[in-house]
Amino acid sequence: MTRNNRLKGGLINRDTSLNFTFDGNSYSGFEGDTLASALLANGVRLMGRSFKYHRPRGPLTAGSEEPNALVELRSGGRQEPNTRATVAELYDGLDAKSQNRWPSLERDVMAINDRFSNFLTAGFYYKTFMWPKAFWEKLYEPIIRKAAGLGSLTGEDDPDLYDKGFLHCDLLVIGAGPAGLAAALTAGRAGAQVILADEDFHLGGRLIAETGALTDISGADWVTQAQAELASMDNVRLMPRTTVFGAYDHGIYGAVERNADHLAVPTEGKPRQTVWRIYSKRALVATGAIERPIAFENNDRPGIMLAGAVRAYANRWAATPAQSVVVFANNDDAHQTARDLMAQGIKVPAIVDTRADAPDVEGTEVLKGAEIINTSGRLGLTSVQVQLAEGYTRDLYCEALAMSGGWNPNLGLTCHQRGRPIWNADIHAFVPGDGLPVGQIVAGAANGEMTTDAALKSGAAAAVSALDDLGIPATQAELPTAKDAPVSLSPFWHVKGAKRAWLDYQNDVTVKDVKLAHQENFISVEHLKRYTTLGMATDQGKTSNIGALAVMAELTGKSIPETGSTIFRPPYTPVSMGALAGRAVGRDFHPTRLTPSHKWAEEQDAVFVEVGNWMRAQWFPRKGEIHWRQSVDREVLQTRSSVGVCDVTTLGKIDVQGANAAAFLNKIYANGFAKLPVGKVRYGLMLREDGVAYDDGTAARLAEDHFVVTTTTANAVLVYRNMEFVRQCLCPEMDVQLISTTEAWAQYAVAGPNSRKLLQKIVDPEFDLSNEVFPFMACGEITVCGGLRARLFRISFSGELAYEIAVPTRYGDALMRKLMEAGEEFDAVPYGTEALGVMRIEKGHAAGNELNGTTSALNLGLGRMVSTKKDCIGNVLSRREGMNTPDALALVGLKPVDAKDAVPAGGHLMNKDGPIDAAHDQGYVTSAAYSPILNSSIGLGFVKGGFDRKGEHLRLVNPLEGQEVLVEIVSAHFVDPEGEKLRA
Amino acid sequence: MIINHPLLGPRDAQEFTYLGDATLINRPDWQSDNAAQAFHDYLYLRDNPAGEHRELWFHEQGDRSWLVVTRNTVTHEILSVEMARDVAKAAAAERSAQ
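This one's a predicted model, so the numbers in the text were calculated from it and none came from an experiment. (Residues numbered from 1 in each chain as written. Chains lettered and ligands numbered in written order. Predicted model: local features only at pLDDT ≥ 70, side-chain atom pairs only at ≥ 80, totals over all residues. Heavy atoms only, no water.)

1. What about the overall build of chain A?
Here is step 1 of the chain: Along chain A, the regular secondary structure elements total 22 helices and 48 strands.
Here is step 2 of the chain: Expressed along its principal axes, the backbone C-alpha trace of chain A runs to roughly 115 × 70 × 55 Å.
Here is step 3 of the chain: Considering chain A as a whole, with its 984 residues, one finds that 58% of them fall into the buried category.
Here is step 4 of the chain: Once local pairs closer than 6 in sequence are excluded, the contacts in chain A between residues at least 24 apart make up 65%.
Here is step 5 of the chain: With an accessible surface of roughly 39900 Å², chain A has 52% of that area assigned to carbon and sulfur atoms.
Here is step 6 of the chain: Distance from the positive charge centre (100 side chains) to the negative charge centre (116 side chains) of chain A: 3 Å. (Helix = DSSP H or I, 4+ residues; strand = E, 2+ residues; numbered from the N terminus. Buried < 20%, exposed > 50% of the residue type's maximum accessible area, 1.4 Å probe, protein only. Contact = heavy atoms within 4.5 Å. Areas by Shrake-Rupley, 256 points an atom, 1.4 Å probe, with all protein chains shown as cover. Lys, Arg positive; Asp, Glu negative; His and termini not counted. Charge placed at Lys NZ, Arg CZ, Asp CG, Glu CD.)

Laid out in structure tokens, this is it:
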């Protein structure tokens, strides 16, 4: 049933016809149309269903405040739910579907909810789904979730690019209506850096929606002139299709630019949307006003629209919702809708005006002091029932109704930082109050200046005053004249006696619901909102909040400002998650850090594991190995019997230099460093100030005033931050400098009995690596491969004779290849993090699992390391009584009594005879591995008083998986407890 | 937010990490008689004012300065920004003068 509701004129390009589909039906529109205007022009009023009652709905508005006409746009990975048809710019091939209905928009079975509206009142869910309790999760919630919600996603990946950007300006002008354009012209001509942003794709605001807004020139023509001038200025950036969605601290605004939403597919390589962070010195909110509906019985039928929207469709888009339109209003402004429609040949059977003294309008009848008390038409309006002043009722046949209860300043961005609107009794609306975001000013209708003339002047004046603040001289731009009179309006919020009279269209909140909330004492506005869900839909109540406030005010007998006010929070309109994510999606969600030998490891078919942002080789499978354990066991055995090489570049490395470097390390480490000789390395344990073990590593003294500190991979950034805190905030008098060199050096552990022989092949001959000259814990600056500078540390995490060798990062790949080549004669093996882990558990070295943020030096068996003779971070509180009880947890080794059993990591330890419950917990397992040397599963864990319980048998339980293993407490040093190997 | 770094000028707060109350600069003397109590208070007791607050920010993605930022926690207005090292030095000088 397609009818032609296209009128003459308008800002559409009739030379470019665009084909599109809605719910599978084909239509055509023109360039410059929105989806809503094109559908209206094609005679389609029904565009959606409401959230709760599934009531048939058409567009209420012609802008971003739209509560009803929400559709799914596009399909596949590009499908976008809950798009407002009123702002969706038409393009050729646009494909839209209605949502929240089944099986079709015309026949929606869930509309049965409407019949049960007496039960589905405010608080329905809270009251109904109370019992039985168990039903909530299993039955009620899944059903409610299925029934609720609006549009849907396909779950496919969005193929498009989203971007982020940064902009700076002197003056950000938000809204390109009369006030915004006047401000931008004024500031632009003064030479200021200006950004003019508007959510619409056509600048002009109401200027292009009205006939005769200006006296000497058409609004549209003046907008074209102004736009051309602004576009010619290098200091002005015009940003149509850009919604400023949030006002943040210190003049920062968030904006989303829809670069390609008006195209079928974004241009190759260009983003669909861009989120801009705009740093403004001053910002002018010129966001205009939003018209408010009137609440009357069945005021939500398709065809019932705001009067200003009907006028905008007719004037800008040359579309009318129907051939016969009744107007219902409490103000003169809506009379213009009747005049504009009649000028286009549309029938206006009558204007129903609530005011007894309403003026006459030529060409139609004004029913003064009358109200609309009901409407008819299931899928679209067919008639309205009018209660006349004389007391009779009269039916008017019409297919559309243009209503207006007045206009509210569009306050959104003024409230984002606790700004509280104040009531203006002259215009019966809230206007911006105190507490505007820093640097923000408001002009035009957004500030309660409700005429075009005032908007133009206040915009220009605001720009002058903003620039004056910044020391930029400016004079008001010459402006066109506008002689519109202030709107005469008498407040009228709802028709008395109406019940199913919609306030919030999207969330189906009616006058009756507000009355119920009042009856149940939810009279605070915040409670009212949450109890009825008023204003909590995707439109944030832009058209509904004031109406509900007015009804509540009437019920409580208070004035509207006494009842409360409305606050808006960011975002102004919904922002897609894709835009907020920008490019940080998929593999770019966070940076990926690769070690210099990554490519080499890939060539060896290494399996990688993510460690923070790093990718580390986990193990290196060889041909024929089908289980990771085979690879790991081989790597361990080969290292322990000959030599293995492991990339340890990811360890944090911090260079500490200065006359007080040793004193500084004394401060950050629990153990002493003052007496560490040059050329030696020492293990260091850091505590937190609360005495808990924080991180461990080594510090190598390369010179009297030069140390190299290593940290664990995970804590590299945090330890550095903390060390800078100590340096700058606690020891400001010390002569010491820090720099993170993690990425400057590639570092490899070379471990195993043949490690010295291997290194001797690449270390330049003048450096003696013999045990006498370069013993365990020695360090030094050397050269390798004929002059390449390197650092050598004789330290061992594996427990073997071992070294760590570091070269500048760019030689890392070459060194790895060289080491493996030189190691061929020893059958040197590369090993990954798994073998590294197995060997450190065999050796009883603590790692992240043991330094888990709850354990102290005492727990770790390192209690004696904490010096009492010096001040260091954490020493005072580490001596707290509660952390030093005789039964404190102690790090021990655990071995299954039956070697066939595996030690479950994370399991808890219980006494052999005794209950298994939390009250009798003896400790827990932190690390477990299979030791190929011992041919047994082994573990490390903490046991109460464990140092004195060697040989005791405990039950290791994992109730989640029903595991129970008998284990023996042993020394944590499973391998080479005397340390003979590493000193060899 | 924008933090006006004493050396680098206005920088976006995103470049910084936040630590908290600047009283962390005033670490107690480890040898005092009531050291345990003093460290307890230093570590665990904080004022949480609605209003002016001196707090520590670290310019992690910048020059790695620790700054003492005096900020109104209600309005987010930043009243002053100092190098934490200068603040710590002044505090130390004051302590030794006593």
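2. Some points on the overall build of chain B
Here is step 1 of the chain: When you go through chain B residue by residue, the secondary structure sums to two helices and six strands.
Here is step 2 of the chain: Listing each helix as α and each strand as β along chain B from the N terminus yields β-β-β-α-β-β-β-α.
Here is step 3 of the chain: Once the C-alpha set of chain B is aligned to its principal axes, its extents read approximately 45 × 25 × 25 Å.
Here is step 4 of the chain: Excluding contacts between residues fewer than 6 apart, the proportion of contacts in chain B whose partners are at least 24 apart in sequence is 47%.
Here is step 5 of the chain: Carbon and sulfur atoms make up 48% of the accessible area of chain B, which amounts to about 5400 Å² in all.

3. Considerations on the nonpolar core
Here is step 1 of the chain: Ranked by size, the top nonpolar core spans 78 residues in total, and within it Leu35(A), Phe296(A), Phe328(A), Val352(A), Val384(A), Val386(A) and Leu401(A) carry the most contacts.
Here is step 2 of the chain: Leu35(A) has contacts with Phe20(A), Val71(A), Leu73(A), Ala85(A), Ala88(A), Leu90(A), Leu94(A) and Ala96(A), leaving out every residue within four places of it along the chain.
Here is step 3 of the chain: Core analysis: the next-biggest nonpolar cluster, separate from the first, contains 44 residues, Met686(A), Tyr694(A), Val876(A) and Ala88(B) among them. (Core = buried A, V, L, I, M, F, W, Y, C linked by side-chain atoms within 4.5 Å.)

4. What to know about the confidence of the model for chain B
Here is step 1 of the chain: Taken residue by residue, chain B gives an average pLDDT of 96. The fraction at 70 or more is 100%.
Here is step 2 of the chain: Both confidence scores are given for the complex: pTM 0.91, ipTM 0.99. (pLDDT = per-residue confidence, 0-100.)

5. Regarding the sheet that holds strand β30 (residues 607-611) of chain A
Residues and elements named next belong to chain A.
Here is step 1 of the chain: Pairing is mixed in the open sheet, where three strands are placed in the order β29-β31-β30. If you trace the sheet from one side to the other, it starts and ends with β29 (593-594) and β30, each paired once.
Here is step 2 of the chain: Note that β29 and strand β31 (residues 614-619) share two bridges and pair parallel. Bridge assignment links Leu594 to a residue of β31, and that residue is Met615.
Here is step 3 of the chain: Those strands touched by helix α21 (residues 833-843) are β30 and β31, and its axis lies near 70° from that of β31. (Pairing = 2+ DSSP bridges. Axes fitted to C-alpha atoms, helices over the stretch in contact; angles between N-to-C directions.)

6. So, the UniProt feature "domain: Aminomethyltransferase C-terminal" (unreviewed entry) in chain A
Here is step 1 of the chain: Mapped onto this numbering, the UniProt entry annotates "domain: Aminomethyltransferase C-terminal" (unreviewed entry) at residues 891-976 of chain A.
Here is step 2 of the chain: Along residues 891-976 of chain A, the helical share is 0% and the strand share 51%, with 17 Å between the first and last C-alpha atoms. (UniProt positions renumbered as here; feature names shortened; annotations may be inferred.)

7. A closer look at α21(A)
All names here are of chain A.
Here is step 1 of the chain: Taking burial as the measure, the 11 residues of α21 include 10 buried ones, the bulk of the element.
Here is step 2 of the chain: Those residues of α21 lying buried are Thr833, Ala835, Leu836, Gly837, Val838, Met839, Arg840, Ile841, Glu842 and Lys843.
Here is step 3 of the chain: Looking at the buried positions of α21, the neighbouring elements they touch are β30, β31, α16 (628-641), β32 (644-647), β45 (921-931) and β46 (936-944).
Here is step 4 of the chain: Positive backbone phi, approximately 80°, marks Gly844, located one or two places after α21.

8. Brief notes about unusual backbone geometry
Residue and element names in this part refer to chain A.
Here is step 1 of the chain: Between Trp102 and Pro103 the backbone carries a cis peptide bond, its omega angle lying at 5°.
Here is step 2 of the chain: For Pro103, the location among the structural elements is in the loop between β7 (94-98) and α2 (112-115).
Here is step 3 of the chain: Pro570 connects to Pro571 through a cis peptide bond whose omega is -5°.
Here is step 4 of the chain: Position of Pro571 among the secondary structure elements: in the loop between α13 (560-563) and α14 (577-581).
Here is step 5 of the chain: For Arg74, which is not glycine, the phi dihedral falls at a positive 60°.
Here is step 6 of the chain: Considering the arrangement of structural elements, one finds Arg74 in the loop between β5 (70-73) and β6 (80-84).
Here is step 7 of the chain: Its relative accessible area of 6% is what places Arg74 among the buried residues.
Here is step 8 of the chain: Phi is positive for Arg418, which is not a glycine, with a value near 70°.
Here is step 9 of the chain: Mapped onto the fold, Arg418 is located in the loop between β23 (407-409) and β24 (422-424).

9. Topic: the UniProt feature "domain: SoxA A3" (unreviewed entry) in chain A
Here is step 1 of the chain: The feature "domain: SoxA A3" (unreviewed entry), as annotated in UniProt, sits at residues 499-583 of chain A in this numbering.
Here is step 2 of the chain: Between the C-alpha atoms that bound residues 499-583 of chain A there is a distance of 49 Å. The span itself is 45% helix and 6% strand.

10. Remarks on the interface of chain B and chain A
Here is step 1 of the chain: Chain B puts 31 residues into the contact, and the matching count from chain A is 34 residues.
Here is step 2 of the chain: Roughly 2700 Å² of surface becomes buried between chain B and chain A when both sides are summed, with 58% attributable to carbon and sulfur atoms.
Here is step 3 of the chain: For the interface between chain B and chain A, the tally reads four salt bridges.
Here is step 4 of the chain: Close ionic contact of Arg27(B) with Glu689(A) constitutes a salt bridge, the shortest N to O distance being 2.5 Å.
Here is step 5 of the chain: Seen at the junction of chain B and chain A, the total is 16 residue pairs in polar contact (both at pLDDT 80 or more).
Here is step 6 of the chain: Considering every element that reaches the side of chain B that touches chain A, the biggest residue donor is helix α1 (residues 35-44) of chain B, with seven residues. (Buried area = accessible area lost by both parts, 1.4 Å probe. Salt bridge = Lys/Arg side-chain N within 4 Å of Asp/Glu carboxyl O. Polar contact = N/O pair within 3.5 Å; in protein donor to acceptor, adjacent residues only side chain to side chain.)

11. Overview of the pairing of strand β48 (residues 963-970) of chain A
All names here are of chain A.
Here is step 1 of the chain: Here strand β43 (residues 889-896) pairs with β48 via four bridges, running antiparallel. Among the inter-strand pairings, Gly893 is bridged to a residue of β48, identified as Val970.
Here is step 2 of the chain: Note: strand β47 (residues 953-958) against β48, six bridges, orientation antiparallel. Directly across from Leu956, in β48, lies its bridge partner Val965.
Here is step 3 of the chain: Connecting β47 to the antiparallel partner β48 that follows it, the hairpin turn spans four residues, and Gly962 within it adopts a positive phi of roughly 65°.

12. Overview of the side chain of Arg27(B)
Here is step 1 of the chain: Secondary-structure assignment places Arg27(B) in the loop between β3 (17-21) and α1.
Here is step 2 of the chain: A polar contact is formed between the side chain of Arg27(B) and the side chain of Asp871(A), at a distance of 2.9 Å.
Here is step 3 of the chain: Separated by 3.1 Å, the side chain of Arg27(B) and the backbone oxygen of Cys872(A) make a polar contact.
Here is step 4 of the chain: Not counting chain neighbours up to four residues away, the residues in contact with Arg27(B) comprise Lys667(A), Glu689(A), Leu730(A), Asp871(A), Cys872(A), Ile873(A), Gly874(A), Asn875(A), Phe39(B) and Tyr42(B).

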